[in-house]
Every structure is written in structure tokens, then in C-alpha cells.
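Coordinate analysis (summary)
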Amino acid sequence: MTQQRRLTRIAGLLVVPATAALVLAGCSGSGSRSGDGNADSFTFTFATSNNLESPYEALAKAYMEANPDITITTNPTPNDKYGETIRTQFQAGNASDVVQTTPGSGDARGLVPLAEAGFLEPLGDTATSLVPSGSEPLFEIDGKTYGQPMDFTIGAVVASMGTAAQNGIDEWPTTMDQFYAECETLTGQGKSMLALAGAAGPNAGLTAQGIAATRVYEVEPDFNTERAAGDTTFAESTGWKDALQTIIDLKDRGCFQPGAEGGGFDAITNGLAQGTSIGSFIPSGSAVEIASAAPAEANFKVQPFPAAKGEKPFVLASSNYTISINAKSEKKDAAAAFVEWLSTPEAQEKYYEVSGLLPISEYKNLDLSDTIYSPIVDILAEGSYTTLPNNVWPNPAVYEALQVGVQGLLTGQTQIDQVLQNMDNAWGE
Amino acid sequence: MFRYTKLTALREVGFWLVALVFLLPFYFLVTTALKSDREVITSSTLAPPSAPDFGNFAKVLTATGNANVIQGLLNSVIITAGSIFLMVLLGSLTGYVIARSTRRWSRGVYYLFLVAIILPTQLGTVPLYIGARSIGLTGSVWGMILLYSGMLLPLAIFLYAGFFRGLGTEYEEAATIDGASRTQIFFQVVLPLMSPATGTVAILAGLIVWNDFFTSLIFLGGSANQTLPVAMYYYIGSLVSAWNQIFAIVIVSMIPILAFYLFAQKRFIQGFAGGLKG
Amino acid sequence: MSTTLRSGQQVATETERVVLPRRGGRGRRVPPPRRSGQLKFGYWWWALPGIVFVLGIHYLATGIGGFFAFTNWTGIGAFEIVGLDNFVRIFQDPTKIGALGNTLFLAFGSVIISNILGLGIAVGLNRGLKSRYILRTLFFMPVVLSPLATSYIWKFIFDFNGPLNVILRGAGLDSVARAWIADPTWAIWTVLVVLVWQNIGFAMVIYMAGLAAVPVEIEEAAAIDGTTVWQRFWHITLPSIRPAVAIATTLGLVNGLRVFDQIMALTGGGPAGATENLATQVYKQSFALGNFGYGAALALLLTVIILVFAVIQQRATAERPEEN
């Protein structure tokens, strides 16, 4: 009768998945993450902002070519959610064996809080030797290094001089007046001076910090130390006010692309590659990635953002990308071998080739006059740069407040004073 | 008696138009997923693809790492099936006892479950998370099955209790007279009778588990055991805005549930409408 | 009925007691007979695993979470009890107040709109349409889809160069076209659209089931008496489907208050936190930023709100005496 048939049907429906469950439970093994059971295979998570091949992908491939019996499973993870993603994974114990992190504690992916929480494995002497002297607190706790620096990244404007020339701009503007004048010219042609991914926190934040390099740190290089000591605040800082006001001015005077407040990373990639925008505040390493998608005449260069009147150009320069090992990893030896390999000259060479990022170990010795860094060779030589500010801040909430604040300024939701106040509140006592 | 007038015909046509507009998003879904990388940037979003390109699906199905869709699909199947099984077992046993009991406490227990259905899980998520982590159940299939079953058990119990309340005890009486033990009565007499309720529980709870994202993200995100929604989230995240590829994976994620739905839609709808009236 | 079995009266036979129909569910107003306290079928301890499970996963975990709402725990290491500090912080932070507002807006907005539209479709499909079952299947389809998947589709539609804006620009309404998802005023409405789109079918089937139970004769009699369509609807149809309204609105409300997937996929909480609601904030604070105590306080607030509204909802829609 019907009940009998229904019973059989339900039983049938349950049997199939039940068997599948048993079979697959057997197959998926002891929950090992690397999948193919090879003792030397491991996983690697890093941040990406576009669909182009990331330098880390290229490095992983190179390593696999050199070591054919090792498989690296890469997990490119969106840059705008990177911090919360890896934190969630670390806390649940599901993170990859090798994870890209950032120095300091001012970002959700900062290695200091992650190490303090016991999520990262201490690295060896190679890593320690690469840490730039003077910035040990950003990489080490109690003398142990938790992230191996990869790069020396310049935070300034990456601009396509080829696109600029095509639009009648032969030289990068050195004053704000010139800059605004160019903005007007370009808007008239339906283009923009800068591409901004307003909806992506990291870009909003980097833009603000890139501008703050000249407005704040050129004038008071010790701002961060003073703020930590409580001698000053963001709200009181005329430099920070000026920096944020500049962002509003840039928007009002048409320097960003239409719809910038809602733009994602693709706005930058497409804008720069297709020539609708001249430049963007992106890490210098991204220039090479994007150049691969742009025509050869694009000729990307790292240019300093014009200083305010009476000030000298100043850029951000520090290590932004560190490689860490998951403390819960079951493949620590394999991971450590990979991380060790990343410090070798051949790996650093490859890294430079595919990313344009200055290798941490070699940059002082390189001749940069023929590279994308040619415009700032002098600035670097003079030491007119500062570490990426948020690496030094005490917790990720301050940077988050800045990122969200910039977005709010672009859409008109907040005021400058409110943003700076939020940053101070986030700093804590 | 009801006449099919011209007005009715007009109404029918009208609703078909409404339905078509309502389902327009699916049109965009399919047409965009079949466009090549070039075409998706250059062609108008409204236009259909000039030549369907299935390459996006190939890419989706061969993704690896955190974005491994096939793995996510298998995990979803296992976890959903396991959770349904556990819920049916515990839910029916508990619901049966509550419905058949005449003691006072059964009423209280019933309300206990009713409130638990409404109670949002957010507050308990962090403690559960920490508890699971300390036992080592995060990132594991069994941990998720236990978790989902626990989370949806009140719903299952509520449905079963309601069902058993309405079920007369004649069969059980007869079996008792025949000398069957209580356990035998349940598993041999009652179990077959409760298949409508089991169907409802399987569909309602199964759907929730299959589509769940938040809990799976937190407990399984990044592990080899993550479910389909999480794999999809990671895959799409890395794509920035390649809509054709994004929609390819969205379609892949929708196919299992849509196939099931179309196959058993009457059951689905009955389950939702009928089961919830309690 | 069991009314004949008040304590004091002898019961004829066990069978009689058991076989006489009982009214189950919430409508029971008669206490169960106290005389025979014995469980006739099954064993009471069968319910034990289920009860323990639910107590543990729901009540115990929620209780512990509630406790942490009054601390400043970061998830690792020690913590201190900070009393009501977290709650004070919530109400002093304009973004959290905004999240609270969004929570309520999305919940009530989605319930009201999807129920009105769902009812409309249910009524329209109710009588006589030849293809009502196919139409019903079509309208219900979005309900079974994953909220994450549907959000991605709508993200495309609302994109700056997506179909919506293309249509608007094509119709000459260029000024109306905008970056919907990035617009601080309109972003929350995009979330609402996605919620409604997915939930109309849900409301619809509940109402269709309710309407199907309304006897045709009453309506016909009223029609013969010369009432208008609207009068018939308001005075006959609506009251008959009150239980359906109760269920649809309660469930819609409770689920609307804890929307998460759609917001994360569509806007991520932006622009600048304009579309955050309590559920997304709980996630960000607890998991992304490591402020477990603060996140728990937000979650506690959400729980209280949901419980309050669920109770009000039940009182408001189920209190009337059930009509037959």
C-alpha cells in the first residue's frame, strides 16, 4: 500500500547519501588538508585584488618546478576581506599551512596579534636576518620572528606615463595646482587622473595614507610615536585634517573616476589597463601585474603625490608583505623549506620580475634608474619616506576607522572631524 | 461553480507576464554565464551571448583549494544527509514521547522547543564555536552534523510532535494488545506511519542546512570539509567582478537544489505551507 | 471531547480515553487528565537525548554567550567583567544605532511588502486559473535557492553598468541610474529588494493554503448578496486566513531580523557601514575584529529584540478566537 511505497522511497532516498557518506568519510581521510596525502604538499593563502596571476602564484609555480614532487595548493583570497577571512580560519584551526600576513598590529592581517594569539609558528634565522633594523617590533615578539618580509613596497601613486602622454600630460605634476589643472583637463575628456576603489577598504585606506605621507609625516615624522605616548591625537592633527580634506577636494574637482565611491578593485585594474585613468594609490608591486594586462606603451611609473605648498615630497616605503607559517600546520617542515627558499636570491629575483616589488634583501644595491621606480630614486636615497603608518598602530580598528571614514567622506555620510574622532576612539587609551 | 470568463483569461495572462518579469534575474544568470571573458566586458548586459561558451563551467568544476566546488558539493551532501538522519531519529523519538505523554512536564518541554526555534543562533555561536574548537570539532564533518542537528532539532521536534498529536493511537493500541514491546511498536508500527512528517522535516530542515552559509563559514571555512556555499563564496571572492565566471558557479550551486525542487515541488510546497501550520 | 474527563470522573476504559479525538497544538485550553500519569507508548527517556541536545546547543550556549556580553573578552586569554559597558558603547556609537535601525527596517519592510505581494498573488491565483500550479511553482522557486546565490545575481543587476541601469538609461532616465549598491541611501533598499524577491513565494504558498480552506459557498453567497470584491475580501477572506497571516508574518519577521547572507554578499555591510545590521555586526566584531564581548552584547540585543517581537506578534495575530 501507499505507506509501504512511501517508506521504501524515503528509505531509498536516505540510503544513497548514507552510503555516500560512509564511503567519502573513508576517502577524505583524517581531515588532512593537503588532499593528496603527499607529505610534502601544503597549502598557501595570499591576498589578491584582481584576476591576474599573483606574484605568489608565480612563486609557488617556480618552487614546484624546482621541486617536482611537491604540490602547493594556492588559495587566492579577496584582498578586501582578507583580514577577517584568515582570522576566522585561524581561530577555527582551518587556515592554510603558509599564510601571507603583514607586519605590525594595525591591520586585521597583522602578524603581531596573530602571533600573540598563538596562531603563528616562530621562524628561523633567515627570516630574522631579513627584518629591517629598527622595525623589529613589527616582526618579532620576544626575539622570535613570526613573519618573513618579502618586499620593500613603495606606497605612492602608480601612474601610466604612456596614458598621460596620450592625454597631453608630459610630466607628472609636482604641485597641487598643477595636479588639479590636469584633473580638469582629463575630466573634460571623460577620463580621470586617479582611479579609486572607494568600496574596497584597503584602497581607501592606502590612498589616505599615501596623501598623509606628505601632509603628516613629512612635517612630523614622529607622529605615530607621539600619538602612542598620548602627546597628540588624530583629531588635533592639522596634517591629518589636511590629508582628509585633500581627498574631498580631489573628489570635488573630478580627480577620481565617476562612481569612485562604489568602485571595487576592478575599477583600478580596468581603469589603468584600458587607459581611462592615469594612476592610482596602489602598492608598487601591483604595477607589474596590471602592466601585464595593459598595452606596452602604458609605461607605469611610481610617482610621488604632490606635496602641499612648502612641503617636500614624501612617500611610504616599508615591507608590507610577510610570509608566516600556521602554528597548527601539519606540514611545518615542508612549509619552512618553502619559506626558506623565498629568501634565496633566485626567488627574490623572480619576485621582483613578476611583481616589480623591490626585494627586501637587495633593494639598496639595485640601480633603479631604468625601472618603474626611476622618479623616486632621489626620494629614497634621501630617506624621505616613512613606514606604512597603520603597521605601527596598536590595533586593526584604527585603520578600519580610517578606511570606513574615507568611504564616508566620499559619499558625504561623515565629516572629517568625525572620522578623526573615530580613529582616536579606536586607538583606545 | 466557477466560470472562466474573459476577465479570468486576462488575469491569467497578466500573471504570466508578472511571472516572467519576476524571473528575469534567471535570464541574466544564464545568459551571462555563457559569455566569454571578452564578451562579458564588451557586450550589453541585456544581450544574450553570441555563441554560448561553456568554458566558465569547466573552470568552475576544476577549481582547487578553498574554492574547490566539487569538494564543497560532496561535503554539503554528506553533511545535509547526516543532519537529516540525526534529526529524523532524535526528533521523531522526542516528538513522539512528548505527544503521547500526559504528564505536565511534556507541556513545558514542548514550549522549551518552541522558544528554541525562535531563539536566534548568533548569541550561542561564539560559545559553541569555542566549545567545538576545544574538543576539536571545528573543521570536521561530524562536528557540523552534530551542530546542525542540534540547531534544527527544535523545529523537527515541533513538527513531529504536532504530527503525532494528530495521529490516533489505534495502531499502537492494537499492537500492544498483540503483545509488542514499546520499542517494537515505535520502530515497526509508528515509523512507517510518520513518513509525511519525515518528508516535511527532511525538506524544511534539509533546505536550511544545504543553504546555510554563516555557520559553515565560521566552523569550516578554509578546511577541506567546507560546504558548497562557502566554497562558492571563496571562489567568487577571488574573481572580483568576472560576472560570467561568478554566474557559472552560481548556476552550479543551484542545480542540485533546483533539480530536487522541480522533481518534488509539490512536496516542497506542501511541506512549507502545511508543516508550518503545525 | 476531553471536557468530559475532568478529574473526579471515572474513565470507562483506557481505549476510550485514548481513542477519543484530542485537539492538539496551541489551541488546547484543557489541562490533560491528571489521573493517568503513565506514558502508554514509548519510553520517557527517549526524549532525553533530544532535550539534552537542545538544552546544550540552544540554551546553554546562548546563556554563556549572554554572560560574555558583560565582559570584554577577545576570544583568547583572560577577560574582565565590565558590566553594562558594552551596551553603553552600542548606544553611543552611531554606526551601531544605524545597524539597529537597519535591522528593524529590513525586518518590517520585507515582512510587509512580501506579505502584501504574496497575498496578492495568492488571491490572484486562487480561483480558476488554468495554470495555477505551474505559476505557483515558478513563483516559489526563488525560495529554495541559497540566499548567497540570489544576492550575487542581484548584485549584478544593481551594478553601475548592470541591466537595471542599462534599462533606465535606455528609457532616457539617466539621472535615475546610479551606483545603487554603493549609494548610502539606496543600498539598504537593494537588500530589501533581494529579501522580498526571495520571500514572496514563501508568503504566497502559506496564503494559498489558507485561501484554499475558505469555503466557496460563503463567498458565492456574499456575491449574490451584492457585495463588492473589496468588501468580500476584507470581511470574509481576510478573517478566514488569519492563522496564515499569523504564521507568515511571525516567521518573516523573525527571519528578517537576522538577515546575514544577503548583506554580506550584496554590500558587505557598506558603503561605510550603511547596510550593516545587528547580525553582520556580530560577525565582524566577534570574528573579524576579535571583540567577542562586544559582539556578544550585540547578539544579546538582537536576541532580546527577536523574542520581544515574536511574543508581540503572537499576541497580536493569534489572540482572536479561532473561527471555523
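Residues numbered from 1 in each chain as written. Chains lettered and ligands numbered in written order. Predicted model: local features only at pLDDT ≥ 70, side-chain atom pairs only at ≥ 80, totals over all residues.

Section: the overall build of chain B
Tallying secondary structure elements over chain B gives 15 helices and 0 strands in all. In terms of overall size, chain B is more extended than a compact globule, its C-alpha atoms giving a radius of gyration of 23 Å where 278 residues would be expected to give roughly 19 Å. Taking the principal axes of its C-alpha atoms as reference, chain B extends roughly 75 × 65 × 35 Å. Across the 278 residues that make up chain B, the buried fraction comes to 56%. (Helix = DSSP H or I, 4+ residues; strand = E, 2+ residues; numbered from the N terminus. Rg over C-alpha atoms; globule rule 2.2 N^0.38 Å. Buried ≥ 20, exposed ≤ 12 C-beta atoms within 10 Å, placed from the backbone.)

As for the pairing of strand β2 (residues 72-78) of chain A
All names here are of chain A. With 7 of 7 residues buried, β2 lies mostly within the body of the structure. Residue alternation in β2 divides its side chains into two sets, Ile72, Thr74, Pro76 and Pro78 and Thr73, Asn75 and Thr77, and both sets are buried. Summarising the sheet, strand β1 (residues 42-48) and β2 pair through 7 bridges and their orientation is parallel. Paired with Phe44 across the bridge in β2 is Thr74. Note that the unit made of β1, helix α2 (residues 55-66) and β2 has a crossover that is right-handed. (Pairing = 2+ DSSP bridges. Right-handed = clockwise from strand over helix to strand, strands pointing away.)

Looking at the domain arrangement of chain B
Note on interface size: it is often stated as the accessible area lost on association of the parts. All names here are of chain B. When cut into domains, chain B gives domain 1 (1-63 + 239-278) and domain 2 (74-219). Listed per partner, the contact involves 7 residues of domain 1 and 8 residues of domain 2. The element contributing the most residues to the side of domain 1 that touches domain 2 is helix α15 (residues 265-277), with 5 residues. Across the side of domain 1 that touches domain 2, the residue classes tally to 3 nonpolar, 3 polar and 1 charged. (Domains from an automatic or database assignment. Contact = placed C-beta atoms within 7 Å. Nonpolar A, V, L, I, M, F, W, Y, C, P; charged D, E, K, R; others polar.)

Here's the deal with the nonpolar core
Core analysis: the largest hydrophobic core is formed by 308 residues, its most contacted members being Val315(A), Met87(B), Ala156(B), Ile249(B), Val250(B), Met204(C) and Tyr207(C). Once you skip the residues sitting within four places of it in the chain, Val250(B) turns out to touch Leu29(B), Ala149(C), Tyr152(C) and Ile153(C). (Core = buried A, V, L, I, M, F, W, Y, C linked by C-beta atoms within 7 Å.)

Quick notes on the domain arrangement of chain A
Residues and elements named next belong to chain A. What the domain assignment reports for chain A is domain 1 (42-150 + 320-361) and domain 2 (154-318 + 371-427). If you average the C-alpha positions of domain 1 and of domain 2, the two centres end up 26 Å apart. With 22 residues of domain 1 in contact, the opposing surface of domain 2 contributes 28 residues. Taken together, the residues of the side of domain 1 that touches domain 2 sort by class into 7 nonpolar, 13 polar and 2 charged.

Looking at the interface of chain B and chain C
Counting residues at the interface gives 80 residues for chain B, matched by 84 residues for chain C. Partitioned by chemical class, the residues of the side of chain B that touches chain C number 50 nonpolar, 20 polar and 10 charged.

Describing helix α13 (residues 278-288) of chain C
Residues and elements named next belong to chain C. Here α13 lies mainly inside the structure; 10 of its 11 residues are buried. Along α13, the residues classified as buried are Leu278, Ala279, Thr280, Gln281, Val282, Tyr283, Lys284, Gln285, Ser286 and Phe287. Just downstream of α13 lies Gly290, where phi reads positive at about 75 degrees.

Quick look at unusual backbone geometry
Residues and elements named next belong to chain A. With a phi angle near 50 degrees, Asp142 is a residue other than glycine that sits in the positive phi range. Tracing the chain through its elements places Asp142 in the loop between β5 (140-141) and β6 (144-145). Residue classification places Asp142 among the exposed residues on the basis of 6 C-beta atoms within 10 Å.

Digging into the environment of Tyr110(B)
Residues and elements named next belong to chain B. Here Tyr110 is to be found in helix α6 (residues 104-118). The spacing of Tyr110 and Ile157 is 47 residues in sequence and 8.5 Å in space, taken between C-alpha atoms. Non-local contacts of Tyr110, meaning those with residues more than four positions away in its chain, are made with Ile98 and Ala161.

Regarding the pairing of β1(A)
Residue and element names in this part refer to chain A. In terms of residue burial, β1 counts as a mostly covered element, since 7 of its 7 residues are buried. Along β1, one buried face is formed by Phe42, Phe44, Phe46 and Thr48 and the opposite face, lined by Thr43, Thr45 and Ala47, is buried too. Two strands pair when backbone bridges link them, and β1 and strand β3 (residues 98-101) are joined in this way by 2 bridges, in the parallel orientation. By the bridge assignment, Thr45 is partnered in β3 with Val99.

Let's talk about the sheet that holds strand β8 (residues 151-155) of chain A
Residue and element names in this part refer to chain A. One open sheet accounts for 4 strands, arranged β15-β8-β13-β16; its pairing is mixed. With one partner strand each, in any of the chains shown, β15 (358-359) and β16 (385-386) form the two edges of the open sheet. Bridging between β8 and β15 involves 2 bridges; their strand directions are antiparallel. The residue bridging Phe152 from the neighbouring strand is Leu358, located in β15. Contacts from helix α9 (residues 201-217) reach β8, β13 (315-318) and β16 within the one sheet, and its direction differs from that of β13 by about 110 degrees. (Axes fitted to C-alpha atoms, helices over the stretch in contact; angles between N-to-C directions.)

Things to note about the sheet that holds strand β10 (residues 192-194) of chain A
Residues and elements named next belong to chain A. Strands sit in the order β10-β11-β9-β12 across an open sheet of 4 strands; the sheet is mixed. The sheet is open, and its two borders are formed by β10 and β12 (300-303), each paired with just one other strand. Each strand axis lies, on average, 25 degrees off the axis of its neighbour in the sheet, ignoring direction. Of the strand pairs in this sheet, β10 and strand β11 (residues 277-280) are connected by 2 bridges, and their pairing is parallel.

Focus: the packing of α6(B) against helix α8 (residues 141-165) of chain B
Residues and elements named next belong to chain B. Where α6 contacts α8, the two axes come as close as 8 Å, and the packing angle between them is 130 degrees. The angle between α6 and α8 falls in the class oblique. When the axes of α6 and α8 are compared, the crossing they make is left-handed. Across the interface between the two elements, Tyr110, Phe113, Leu114, Ala116 and Ile117 of α6 pack against Pro154, Leu155, Ile157, Phe158 and Ala161 of α8. Its residues placed into classes, the contact of α6 with α8 shows 10 nonpolar, no polar and no charged. (Parallel < 35°, antiparallel > 145°, perpendicular 65-115°, else oblique. Left-handed = near helix turned anticlockwise from the far one by under 90°.)

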